[in-house]
Amino acid sequence: MKHCLVTGGAGFIGSHLAEELLARGHQVSVIDNESTGSPDNLAAVKDHPRLHYTKGSVADPGLVRRAVEDVDEVYHLAAAVGVRLIADAPIHTIETNIYPTELILKELGRRHEAGRPVKLFLASTSEVYGKNPKARWNEDDDLVFGSTTRARWSYGASKAIDEFLALAYWRERRLPVVIGRFFNVVGPRQTAAYGMVLPGFVDAALAGQPLTVHDDGQQVRCFGYVTDTVRAVLALMDEPEAVGRVFNIGSDEPIRILDLARRVIAAVDPSVGVEFISYAEAYSADFEDCRHRVPNLDRLRATIDYRPEHDLDAILRRVIDWKRGKP
Ligand code: UDP
């Protein structure tokens, strides 16, 4: 049995990760400030004897120091997420994404020097590639951000700083870190409140409202299921070859957003329509989107046995059932 700390463990991905760690017999400590997450996400395990829940901030040095004291692994998922949140609150995004990672690495560095190394999983994002025009991104590709006057890129840039810092701790101090760049992760418990497209589309279709597609809907994404993502993270943390490296994690099956809207409409209510709105209306006048985002998963597949169990049809079924209140 390991003792694992999950920051952001009441969030969408973090709560699925905490549940899976408990199911595998580990002791799990969760820290979450309940900003975008909620303890409701952990309802199924809230009375679990091996779960320790703390409402608090990973920007609190005392809390972080105590929290890492007797853990074997840290999964750092606490972050500002969601394009809408980032566009609306860039100060919050930058501060939330950089300082806590610095704090956690410092504390883990201290433990490492004391001869008690702790492995860290750092949750990063496909946003670090920015708007790189390549058809498929691999982990060594360039980061191509837009101007600093466009707040969207502050998210990718702040996570890139986290990656640089974590890799520096590995290179200079041999602190064991594994970095995962999540592509679009979807599934039950993901809220539409911060702009995520799939829960928003499903909410609209279930309400009989038109689905709001940004721009021409020809932008491309790949949607991976949350439990497949969690399994990949855990396999990477169990694989010594993964240490000190960066991995794309997600699905590599591309779909245009307009086609995603059509799939949701077909599955929920064929009488519902689509409404196109500009990026300026959806976000702000200076908003810049990433038009094409597809990962190269060769490194992930070469390192772990990565076989996602959910294709897009299965994902849509699960998300729609969850939204309809079916278990
Ligand atoms: N999008 C959309 N309608 C929505 C929300 C999002 O057309 O109601 C688009 C958005 O502009 C982007 C894609 O869907 O091109 C994915 O958006 P999301 O915020 O889910 O994730 P991103 O990939 O941008 O991080």
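Look above for the structure.
Residues numbered from 1 in each chain as written. Predicted model: local features only at pLDDT ≥ 70, side-chain atom pairs only at ≥ 80, totals over all residues. Heavy atoms only, no water.

**Looking at the overall build of the protein chain**
Alright, step 1. Along its length, the protein chain carries 11 helices and 13 strands.
Alright, step 2. Relative to a compact globule of 327 residues, whose C-alpha radius of gyration would be 20 Å, the protein chain shows 19 Å and is just as compact.
Alright, step 3. Each of the three principal axes of the protein chain carries a C-alpha extent, and together these read 60 × 45 × 35 Å.
Alright, step 4. Counting over 327 residues, the protein chain shows a buried share of 54%.
Alright, step 5. Of the roughly 14,100 Å² of accessible surface on the protein chain, 50% is carried by carbon and sulfur atoms. (Helix = DSSP H or I, 4+ residues; strand = E, 2+ residues; numbered from the N terminus. Rg over C-alpha atoms; globule rule 2.2 N^0.38 Å. Buried < 20%, exposed > 50% of the residue type's maximum accessible area, 1.4 Å probe, protein only. Areas by Shrake-Rupley, 256 points an atom, 1.4 Å probe, with all protein chains shown as cover.)

**Here's the deal with a nonpolar patch on the surface**
Alright, step 1. Taken together, the side chains of Leu143, Ile161 and Phe164 make up a nonpolar region of the molecular surface, amounting to roughly 280 Å² of accessible area.
Alright, step 2. By the secondary structure assignment, Leu143 is in the loop between strand E5 (119-125) and helix H5 (153-173). (Patch = residues over 30% accessible without salt bridge, like charges linked within 9 Å, V, L, I, M, F, W, Y side chains within 5 Å. Salt bridge = Lys/Arg side-chain N within 4 Å of Asp/Glu carboxyl O.)

**Overview of the sheet that holds strand E11 (residues 245-249)**
Alright, step 1. Spatial strand order, E3-E2-E1-E4-E5-E6-E11: seven strands in an open sheet with parallel pairing. Edge positions in the sheet fall to strand E3 (51-55) and E11, since each of these pairs with one other strand and no more. Pairs of neighbouring strands in the sheet enclose a mean axial angle of 20 degrees, with direction left out of account.
Alright, step 2. Where strand E1 (residues 3-7) meets strand E4 (residues 73-76), four bridges bridge the pair, whose relative direction is parallel. Looking across to E4, one finds that Thr7 is bridged to His76.
Alright, step 3. Contacting E1, E4, E5 and strand E6 (177-182), helix H4 (residues 90-113) crosses the sheet at an angle of about 170 degrees to E4.
Alright, step 4. Packing against the sheet, H5 makes contact with E5, E6 and E11, and its axis sits at approximately 155 degrees to E5. (Pairing = 2+ DSSP bridges. Axes fitted to C-alpha atoms, helices over the stretch in contact; angles between N-to-C directions. Contact = heavy atoms within 4.5 Å.)

**Here we look at the nonpolar core**
Alright, step 1. Counting residues in hydrophobic clusters, the biggest one holds 36 residues, and the most contacted among them are Tyr75, Phe121 and Ile249.
Alright, step 2. Those elements giving two or more residues to this core turn out to be E1, helix H1 (12-23), strand E2 (27-32), E5, E6, helix H7 (226-237) and E11.
Alright, step 3. In terms of residue count, H7 provides more of this core than any other element does, seven residues in total. (Core = buried A, V, L, I, M, F, W, Y, C linked by side-chain atoms within 4.5 Å.)

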